[in-house]
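A closer look at the structure
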Amino acid sequence: MNTKQRTIKMLPLLVGLVVALIVPLIVGKNQYNMVLVTTVLFYGVLATAWNIIGGMAGQLDLAAWAYLGLGAFTSGTLLLRWNVTPWLGMILGGLVAAGFAALVGYPLFRFGVKEVWYALSSAALVEVLRVAFLMWDEVGGPVERYLPFHRASWYHMRFASYVPYYYIVLGLLLIALFVNYRISRSKLGYYLLALGESEDAAEVIGVDARACKLKALMIYAFIVGATGAVYACLFGFIHPSFFNTAQSTEVAILGIIGGMGIVYGPLLAAIILVSGREFMRANLGSSLESLYLAIYAVVLIVIALFRPQGIAPLFRKAYDWLLSRVVGERYAA
Amino acid sequence: MKGKNWSALVVVVVMLTVALSGCVTPSAPAQPAAPKLPESIVIGSLEPLTGAHAVFGTEAKIGTEIAVDHINAAGGIKSLNGLKLKLVTEDAGENADSAKLGAESIISKHHPVAILGLYISRMTIAASEVTEREKVILVADALVDSVTTSGRQYLFRPAPKASQHGASAVQFVVDSAKKAGLDFTKVAILNEDSSFGRSNATGAMDAALNNGLTIVYQKEYPYDITDASSIVADIAAAKADFVVHCPYFTDAILFAKTFRETGNIPKFIVGMGASGYTDPESIQALGETAEYYANTFSYNPAKKTPQNEKFVADFKAKTGHIPTEAAGMNYYAAWVLKEALELSGQMFPTDPLNPDNLRQAFLKLDLTSGPAVETYPGDHIAFTPTGDNPDAKAVVLQVIKGEPRIVWPLEDAEVEAIFPRPDATR
Amino acid sequence: MENIIQNLLNGALMGCIYALIALGLSIVFGVMNVVNFAHGEFVMLSMYFTFAAGAYWVLDAVTTPLITFPLLFLFGWLTYYLLIDRTLRYRYVTQIAVTVGLAILLRAIAQMIWQAQPRALPYSMIQGNIQIGGINILTSRLIAAAVSVVAIFLVYLFLMKTWPGRAIRAASDDLDAASLAGVNYRQTYALSFGLGTALTALAGGLLMTFQQVDPTMGLRFGLLSWCVLALAGLGSVPGLLISGVIVGGAEALAMSVWDPRSRLLAVYLIFILVLWLRPRGLFGRK
């Protein structure tokens with residue numbers, strides 16, 4: 001691949017980054033649009049992180065919000081009790097989530113829980129944590145714990161405007177994409193892809209499936225946990241309802257619909273589906289209450305049925321076609 | 001080649017831009033300082049219209065709609081040349097994030113001067129960060145005590161708060177037992193495990209201790225239980241004289257049926273907080289099993305005033321049942337807002353819709369008559385600086401012959417409470 | 001002590017209903033190997049059908065399966081041809097995506113038709129109680145338990161002794177071999193998916209004697225029925241009954257002895273532990 005080709009390949013990334021950076025300048029005045037793009041990017045981070053365990057390692061994890069909740073509670077509690085800045089809370093929250101992932105992941109992989117049973121046990125994990133935090137009155141409990149309200153405080157990561165949050169979440173997204181990209185090019189990535197295809201075959205060629213899966217799970221949990229700390233600041237409180245099975249399933253669905261194992265796939269699905277859904281909610285939600293959910297569900301079903309490989313390959317084809325038209329066959333594909 | 005994967009990012013960007021351009025709404029011109037008034041005053045109803053709490057939000061929205069119709073039919077805001085109200089509605093979903101998104105959406109699209117909502121306390125607090133920043137008055141119908149203790153400047157709650165409900169439920173039983181010459185000493189307190197249930201139970205526990213009662217059973221349970229028979233068996237084993245229960249909503253039906261089915265019916269069962277046992281929908285769902293159940297209410301559908309009778313009639317014509325609590329709370333909340341707008345028009349004729357002026361008007365409100373009071377549980381509306389009305393009273397309704405009737409406070413009672421339950425088995 | 005026995009009994013009887021709920025899933029997953037994440041929503045739908053039939057024809061909830069059973073069979077049969085059939089040759093991941101979509105769709109449709117308010121039928125004729133010593137047995141739960149036992153036994157006989165039952169099992173063992181041997185797998189699968197769905201009609205009818213239904217009801221039974229199935233192990237239809245009783249009993253005991261809030265904690269911890277320590281379930285065949 002020569003330099004020119006590489007430039008063409010990297011072009012979309014650069015354009016995307018530039019556009020993402022200037023989005024607040026275009027829509028920053030309108031806070032609704034800001035919170036919408038932040039929410040979309042937020043789901044993008046979760047789905048991109050999910051790609052590591054779900055897409056690459058092929059473990060259908062349905063516990064995204066378990067790790068998110070752990071990160072949110074760690075960082076939120078540190079802020080409320082000891083006034084620790086959420087910037088540190090992010091790291092610690094990620095570590096707690098990753099530690100917890102190791103704790104449950106080890107026996108899960110050790111005892112060979114896989115496929116649908118792995119998915120179900122991770123879903124059950126979310127509920128277990130929700131109930132545990134609901135009963136744990138010192139840290140959780142049924143009463144919402146509000147983070148201090150500040151119009152703009154970098155120390156507390158509390159802002160009245162969404163623009164700073166947008167950039168924080170964008171930063172997380174770039175980190176998640178970068179980690180994904182690095183893993184996909186590393187030995188771990190090849191091992192994961194191999195065991196995502198067939199675990200037995202991978203073990204035959206000498207892949208330590210257990211260790212690889214555990215690593216993938218912990219990296220994913222760390223990113224999601226750190227995102228959880230930001231989530232708590234964004235919404236201004238922590239509550240056991242953060243441990244939410246339905247929303248966890250949604251993250252996995254975004255990963256599946258986007259195209260499992262493709263770095264940018266889950267992000268693509270998050271951008272299209274989440275913004276589409278929120279747009280419909282804003283425009284249809286108050287007249288025909290559940291119509292937008294029905295439409296959303298039908299879209300999910302149709303994509304899953306007719307594009308089981310996800311929507312990312314479609315977009316790749318479209319881009320290659322576009323490229324071949326613009327710069328000629330030589331640089332495309 | 002993996003590098004190629006990035007290529008699709010350009011498409012992503014295009015999608016993002018398209019999605020955004022679809023949502024961008026033209027921002028309204030800045031409010032001129034001159035007394036030039038808009039064509040109508042936009043107020044918003046932001047309620048959970050989908051998801052787990054949709055049942056409350058839908059009722060609340062209808063209550064607000066009828067109130068706005070009535071206010072406009074009665075001549076709008078008189079101090080502002082009869083300016084009419086224009087209601088815009090939005091779905092707040094079922095989570096804190098969807099609530100915040102809904103608040104941003106309704107404010108950026110319509111620029112309302114005030115928003116009524118969002119029934120669920122954690123959604124209300126999440127949305128109130130937005131209304132606070134944008135300086136939009138939030139007239140809350142969420143009852144959890146902490147809604148008004150988080151230091152919000154532009155938030156007002158006309159309805160009685162949750163702990164007042166819990167205390168009223170206990171006081172009602174204590175009063176009724178005294179009147180009937182019965183010695184009730186042992187109480188079981190049960191609530192669903194949300195902050196709402198906890199607030200109610202706290203009020204009930206304080207009231208029970210103040211009245212010298214013994215709490216023989218006190219538990220929280222998840223509202224989505226599938227079977228209540230073990231809890232009912234435990235309450236029976238604790239030998240409570242009466243049960244004070246804060247259900248979420250649908251679980252009230254499960255408990256009522258289970259109390260009857262097990263034959264372990266205590267001498268009295270009273271629900272506290274919001275809906276539960278005496279909601280028209282519960283009564284409809286329960287049939288004869290609803291008989292003798294009592295529940296506190298933030299709205300008095302039986303209040304004998306012209307305004308209230310008109311509201312109940314119109315609500316019945318629209319939905320087929322009498323107003324639920326969510327509908328009633330929003331009906332009088334809309335009228336309270338109307339009175340505040342009137343007052344703001346008198347106090348600040350040059351800029352009545354300025355949020356700070358409107359806030360001043362809310363704080364100066366002192367109502368003892370008019371449509372707001374006629375539909376209000378209590379006879380005095382005035383707000384403390386935190387946004388609560390200490391004179392709000394929870395009333396107690398009891399299902400008698402299939403109809404919810406006001407039985408407490410005694411001075412407002414329509415009929416005498418049937419006390420204790422004639423079908424009690426213990 | 002008496003109280004603990006009372007609670008264990010309540011839990012065990014409720015557990016029989018859980019077994020009945022999981023029975024449909026055990027055909028769909030245990031036999032057909034189709035991952036259905038919308039099973040809870042099927043139960044929700046059957047409860048709404050029960051409500052509609054009961055309210056329209058003024059029937060007691062317990063008699064409504066006569067009407068709802070064929071309706072749900074039809075619904076399951078159609079669902080199979082419209083959705084499930086296309087997913088058979090993909091990985092389980094596609095089935096999860098499709099059935100999660102279906103679950104969201106059913107919830108949305110339920111809210112559009114019946115609104116968000118809870119719906120319930122009047123006090124059923126089978127409700128009441130029998131006193132034995134100090135123990136209070138609920139008649140409706142006792143009848144429900146009996147119905148579950150009979151239904152599970154009949155399904156077991158159907159799968160083992162009848163020709164369509166054997167065809168279903170043959171098809172599930174090897175799709176291609178069964179097609180070669182002359183089994184039309186499509187019809188067979190449609191039949192068993194219809195049956196798996198229709199069985200929720202029994203559970204829905206029994207649940208509606210003492211429960212109410214709202215659009216989110218499915219969430220309460222979806223994961224729960226997978227737990228019962230995991231505990232029983234695949235392929236063991238009678239084992240469902242025992243695992244249902246264990247789940248129900250654990251739930252009631254946790255609520256009574258520890259804390260009512262811990263109900264799901266107890267159930268899901270058992271579920272996770274069983275997956276770790278005995279992935280085949282207690283009575284699994286493989």
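For the structure, check the block above.
Residues numbered from 1 in each chain as written. Chains lettered and ligands numbered in written order. Predicted model: local features only at pLDDT ≥ 70, side-chain atom pairs only at ≥ 80, totals over all residues. Heavy atoms only, no water.

Notes on unusual backbone geometry
Residues and elements named next belong to chain B. Our working rule: Note on conventions: DSSP H or I runs of at least 4 residues are helices, E runs of at least 2 residues are strands, and numbering of each starts at the N terminus.
Here W408 and P409 are connected by a cis peptide whose omega angle stands at 0°. Relative to the helices and strands, P409 resides in the segment after β12 (403-408). P420 follows F419 through a cis peptide bond whose omega is -10°. With respect to the secondary-structure elements, P420 resides in the segment after β12. Residue K135 is not a glycine yet carries a positive backbone phi of 55°.

Structural notes on a negative patch on the surface
Residue and element names in this part refer to chain B. This is how it is decided: Patch definition: residues with relative accessible area over 30% and no salt bridge; like charges joined within 9 Å; nonpolar side chains (Val, Leu, Ile, Met, Phe, Trp, Tyr) joined within 5 Å. Only the protein chains shown count as cover for residues, and all accessible areas are computed by the Shrake-Rupley method using a 1.4 Å probe. The term salt bridge refers to a pairing of a side-chain nitrogen on Lys or Arg with a carboxyl oxygen on Asp or Glu at a separation within 4 Å. His is not counted, nor are the chain ends, whereas Lys and Arg count as positive and Asp and Glu as negative. A charged residue contributes its charge at one atom only: NZ of Lys, CZ of Arg, CG of Asp or CD of Glu. The cut-offs for exposure are 20% and 50% of the maximum accessible area for each residue type, with area from a 1.4 Å probe on protein chains only; residues under the lower value are buried, those over the upper are exposed, and the others partly exposed.
Together, D379, D391, E411 and D412 give the surface a local cluster of negative charge. By the secondary structure assignment, E411 is in the segment after β12. Classification of E411 as exposed rests on a relative accessible area of 61%.

Comments concerning the packing of helix α5 (residues 139-161) of chain C against helix α8 (residues 185-210) of chain C
Residue and element names in this part refer to chain C. For clarity, the threshold we go by: Note on method: axes are straight lines fitted to C-alpha atoms, helices fitted across the in-contact stretch only, with angles between N-to-C directions ranging 0 to 180 degrees. Note on terminology: angles under 35 degrees are roughly parallel, angles over 145 are roughly antiparallel, angles of 65 to 115 are roughly perpendicular, and the others are oblique. Contact between two residues is taken to exist if any of their heavy atoms lie within 4.5 Å; hydrogens are not considered. For this classification, the nonpolar set comprises Ala, Val, Leu, Ile, Met, Phe, Trp, Tyr, Cys and Pro, the charged set comprises Asp, Glu, Lys and Arg, and every other residue, Gly included, is treated as polar.
Direction vectors running N to C along α5 and α8 enclose 170°, while the axes themselves pass 10 Å from each other. What the angle tells us is that α5 and α8 run roughly antiparallel. On α8, the residues touching S140, R141, A144, V147, A151, V155 and F158 of α5 are L191, L195, L199, L202, L206, T209 and F210. Each residue belonging to the contact of α5 with α8 can be placed in one class, and the counts come to eleven nonpolar, two polar and one charged.

Quick look at the pairing of strand β6 (residues 186-192) of chain B
Residues and elements named next belong to chain B. Spelled out, the test is: Each pair of strands is called paired provided DSSP finds at least two bridges between the two strands. Handedness is read with the strands pointing away from the viewer; a crossover is right-handed when the path from the first strand over the helix to the second is clockwise.
Within β6, six of the seven residues are buried, which leaves it mostly tucked inside the rest of the structure. In this structure, β6 lies alongside strand β7 (residues 214-221), joined through seven bridges in parallel fashion. Across the sheet, K186 pairs through a bridge with T214, a residue of β7. Following the backbone out of β6, through helix α6 (residues 195-210) and into the adjacent parallel β7, one traces a crossover that is right-handed. As paired elements, β6 and strand β8 (residues 242-246) share five bridges and run parallel to each other. Opposite N191, over in β8, you have C246 as the bridge partner.

Thoughts on the packing of aromatic side chains
Convention followed: Two aromatic rings from Phe, Tyr or Trp, using only the six-membered ring of Trp, form a pair when their centres are within 6.5 Å; if the ring planes differ by under 30 degrees the pair is stacked, by over 60 it is edge-to-face, and anything between is tilted. Placement of a positive charge over a ring is assigned whenever Lys NZ or Arg CZ falls within 6 Å of the ring centre and within 35 degrees of the normal to the ring plane.
Taken as a whole, this structure holds 49 aromatic pairs over all chains when the rule is applied. Where F311(B) meets F315(B), the ring centres are 5.8 Å apart and the plane angle is 70°; that geometry is what we call edge-to-face. With F311(B) and F315(B) both in helix α10 (residues 306-319), this residue pair falls four residues apart, about one helical turn. The same class applies to F311(B) and to F315(B), which are both buried. Three or more aromatic residues joined by ring pairs make a cluster, and in this case those are F42(A), Y43(A), W65(A), Y146(A), Y231(A), F235(A), F237(A) and F242(A). The side chain of R141(C) reaches across the aromatic face of F210(C), ending 3.7 Å from its centre.

Focus: the pattern of salt bridges
In total, this model carries 28 salt bridges over all chains according to the counting rule given. Here E250(A) and R277(A) are joined by a salt bridge, their closest N and O atoms 2.3 Å apart. Here R277(A) lies in helix α11 (residues 265-284) and E250(A) lies in helix α10 (residues 245-258), a separation of 27 residues in the sequence. With respect to class, E250(A) is no different from R277(A); both count as buried. Between K109(B) and E90(B) there is a salt bridge whose closest N-O contact spans 3.5 Å. Note that K109(B) is positioned in helix α3 (residues 96-110) and E90(B) in strand β2 (residues 84-91), a separation of 19 residues in sequence. The buried category is assigned to E90(B), whose relative accessible area is 2%. Through salt bridges that share partners, D137(A), R198(B), E220(B), D259(C) and R261(C) make up one connected network.

Details of the interface of chain C and chain B
One frequent convention defines the size of an interface as the accessible area lost when the parts assemble. Defined as follows: Buried area counts how much accessible surface, traced with a 1.4 Å probe, disappears from two parts once they are put together, with both parts' losses summed. Whenever a nitrogen or oxygen atom comes within 3.5 Å of another N or O atom, the pair is scored as a polar contact, on the condition that within protein one atom can donate a hydrogen and the other can accept it, and that pairs from neighbouring residues in sequence are kept only if both atoms are in side chains.
On the side of chain B, 40 residues touch chain C, which itself brings 40 residues to the contact. Across the chain C to chain B interface the summed buried area is about 3,200 Å²; carbon plus sulfur atoms make up 50%. It is Y123(C), R220(C) and R261(C) in chain C that bury the most area against chain B; as a group they hold 20% of the surface buried on that side. The tally of links between chain C and chain B comes to three salt bridges. The partner of D227(B) in a salt bridge is R141(C), and the shortest N-O contact between them spans 2.6 Å. Where chain C packs against chain B, one counts 17 residue pairs in polar contact (both at pLDDT 80 or more).

Re the sheet that holds β12(B)
Either a parallel or an antiparallel arrangement is found when strands of a sheet pair, and the pairing is made through backbone hydrogen bonds. All names here are of chain B. Taking strand neighbours across the sheet as the criterion, the seven strands line up as β7-β6-β8-β9-β10-β11-β12 in an open arrangement whose pairing is mixed. Each end of this open sheet is capped by a strand with a single partner; those strands are β7 and β12. Mean inter-strand twist for the sheet, computed between neighbouring axes without regard to direction, equals 25°. As judged from the two bridges shared by strand β9 (residues 268-271) and strand β10 (residues 294-297), these two strands associate in the parallel manner. Note that in β10 the partner of V270 across the bridge is A294.

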